[in-house]
Amino acid sequence: MKFSLNRELLLKPLLLVSGAVERKSTLPILSNILLDVNGQSLTLTATDLELEMVAYAEVDNQAEDGKVTVPARKLLDICKSLPENSMLTFESEADVIKLSTGRSKYSLSTLPATDFPNIEEWRGDVEFKLLKSELLRLIESTHFSMANQDVRYYLNGMSIETENNEIRSVATDGHRLAICKISNDSLSLPARQVIVPRKGILEIIRLLDPIDEEIQVFLGSNHIRIIDTEFSFTSKLVDGRFPDYRRVLPRNGDKVMETNKDQLRQVLSRASILSNEKFKGVRLNFANSLLKITANNPEQEQAEEELEVDFPYDELEIGFNVSYVLDVLSAIKDPMVKFTLADANSSVVIEGSDSGEALYVVMPMRL
């Protein structure tokens, strides 16, 4: 097996697949990338048994087709440090692969390609096409609400749902809830819900660019697969039931406040500096034309901020984890935000004033 290609042609697919390489694996083969040369085509595959990433490059093949696995991290670091537009030649002999370019020569140990795990072949029973920008928006609007290492393992991921012409993403950690939906009249989808694990979601965000190019999405009983011209991404699904979030959506909110998102974010960010580092609690006092925000900490320090708002209701004081509210304000793209409240013990619904495609629920804190 011997092939050559330009450094730039190899670096992009290497970077794409590197996210699926297992860093701390007990199985040495999972730290390797599978290189498969077939004619003028090179396929790179990496997996940690939960995710699988496949990317492609074109090569000048100078010998028989073949497969070999090479240490992912070392190959990536070598490629990154070589000069731009270097011409790389790979040649495999016994259990090493030799990489040469100009006066540089490296030999890397390999492991048998036959030992490399392969996610079983499967067919998606739900298939649809979506713009990369749409899928990215769907996921970025909600991903920060996923739990991290919660014992309720089904919360350590995101629910992706399809129904008729709608695709929804839902994430919750038990203290906050984020829902985003995209409607597309060209779609006609069955009702389906899958839970994509946290690592898979973060990897999808890394892979996608916010551009109007179509990608294919396949949902199976145990996997989700995303196929692009440059890569194929597969992730196992979380086996569990996502909570019925519709039951916790507050219905009794009768007080609505609209305000400028950036101004609110600035005053909350400043107040948060003096909030308790562990609990991040801030108090919001809603009055007729004024929103007063206060925060304090165990060192007896206090922050107080005021913002002019229109709130034609009885006065209301409510406490929140300021980080949760700031996460929501960062995710909303509209210039104005809308808070729908009921009382001091009820969750608040936050959404952008214009688009209405994303909705956020934040539970109050006792301060």
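Quick summary incoming for the structure in this document. Note that the structure is predicted; figures quoted are calculated from it, not measured.

When its secondary structure is counted, the protein shows 6 helices and 25 strands. Each of the three principal axes of the protein carries a C-alpha extent, and together these read 80 × 50 × 35 Å. Counting over 367 residues, the protein shows a buried share of 52%. Here the contacts in the protein between residues at least 6 apart in sequence split such that 67% fall between residues at least 24 apart. Accessible area for the protein stands at about 18200 Å²; split by element, carbon and sulfur atoms hold 46% of it. Once the 41 positive and 57 negative side-chain charges of the protein are each reduced to a mean point, those two points are 4 Å apart.

This part covers the packing of aromatic side chains. For the structure on display, the rule yields 5 aromatic pairs. Aromatic pair F3 and F90: ring centres 4.9 Å apart, planes at 15 degrees, arrangement stacked. Here F90 lies in strand β7 (residues 87-93) and F3 lies in strand β1 (residues 2-6), a separation of 87 residues in the sequence. Taking the relative accessible area as the measure of exposure, F3 reaches 1% and is therefore buried. Aromatic pair F311 and Y313: ring centres 4.9 Å apart, planes at 70 degrees, arrangement edge-to-face.

Looking at the element boundaries, K261 is found in helix α5 (residues 261-272). Despite its burial, K261 pairs with no opposite charge, the nearest such side chain being D262 at 4.5 Å.

A separate point is the environment of S269. Structurally, S269 can be placed in helix α5. We classify S269 as partly exposed; its relative accessible area is 31%. A sequence separation of 54 residues divides S269 from S323, and the C-alpha atoms of the two residues are 8.7 Å apart. A distance of 2.8 Å separates a polar side-chain atom of S269 from the backbone oxygen of R265.

To continue, consider helix α6 (residues 322-331). Taken across its 10 residues, α6 has 7 buried, putting it largely inside the fold. Taken as a whole, α6 has its buried residues at V322, Y324, V325, L326, V328, L329 and A331. Here α6 starts with a cap whose side-chain oxygen sits 2.9 Å from the backbone nitrogen of S323, and that cap is N321.

This part takes up empty space enclosed by the protein. A probe as big as a water molecule, rolled over the atoms, marks out the empty space that is left. Within the structure shown, the criterion is met by 1 cavity of 30 Å³ or more. Estimates place the volume of the largest cavity at around 60 Å³. Going through the elements one at a time, β10 (126-131), α3 (132-140) and β16 (223-227) are the ones with two or more residues in the lining of the largest cavity. The dominant element in the lining of the largest cavity, judged by the number of residues it contributes, is α3, at 3 residues.

As for its position among the elements, D228 is in the loop between β16 and β17 (231-236). Under the relative-accessibility criterion, D228 is labelled buried at 7%. Each C-alpha atom, one on D228 and one on C180, is 23 Å from the other, the two residues being 48 residues apart in sequence. With near-sequence residues (within four places) excluded, D228 lies in contact with K132, E213, E214 and I215. Separated by 3.3 Å, the side chains of D228 and K132 make a polar contact.

The next thing to look at is unusual backbone geometry. Residue Q149 is not a glycine yet carries a positive backbone phi of 60 degrees. For K280, which is not a glycine, the phi torsion comes out positive at approximately 55 degrees. Tracing the sequence through the fold places K280 in the loop between α5 and β19 (281-286).

Our focus in this paragraph is the pattern of salt bridges. When their charged atoms lie close together, side chains carrying opposite charge are able to pair. Inspection of every chain in the model, using the stated rule, returns 21 salt bridges. The salt bridge involving R137 is made with E357; its shortest N-O contact spans 2.7 Å. Highlighted residues: R137 in helix α3 and E357 in the loop between β24 (348-352) and β25 (358-362), separated in sequence by 220 residues. By relative accessible area, which is 31% here, R137 ends up partly exposed. What makes E357 partly exposed here is its relative accessible area of 24%.

Calculation notes
Residues numbered from 1 in each chain as written. Predicted model: local features only at pLDDT ≥ 70, side-chain atom pairs only at ≥ 80, totals over all residues. Heavy atoms only, no water. Helix = DSSP H or I, 4+ residues; strand = E, 2+ residues; numbered from the N terminus. Buried < 20%, exposed > 50% of the residue type's maximum accessible area, 1.4 Å probe, protein only. Contact = heavy atoms within 4.5 Å. Areas by Shrake-Rupley, 256 points an atom, 1.4 Å probe, with all protein chains shown as cover. Lys, Arg positive; Asp, Glu negative; His and termini not counted. Charge placed at Lys NZ, Arg CZ, Asp CG, Glu CD. Phe/Tyr/Trp six-rings, centres within 6.5 Å; stacked < 30°, edge-to-face > 60°. Salt bridge = Lys/Arg side-chain N within 4 Å of Asp/Glu carboxyl O. Polar contact = N/O pair within 3.5 Å; in protein donor to acceptor, adjacent residues only side chain to side chain. 1 Å grid on protein atoms, 1.4 Å probe; cavity = no way out; pocket = protein on both sides within 12 Å on 5 of 7 lines; lining within 4 Å. Points joined across faces, edges and corners; volume = space filled by probe spheres on them.

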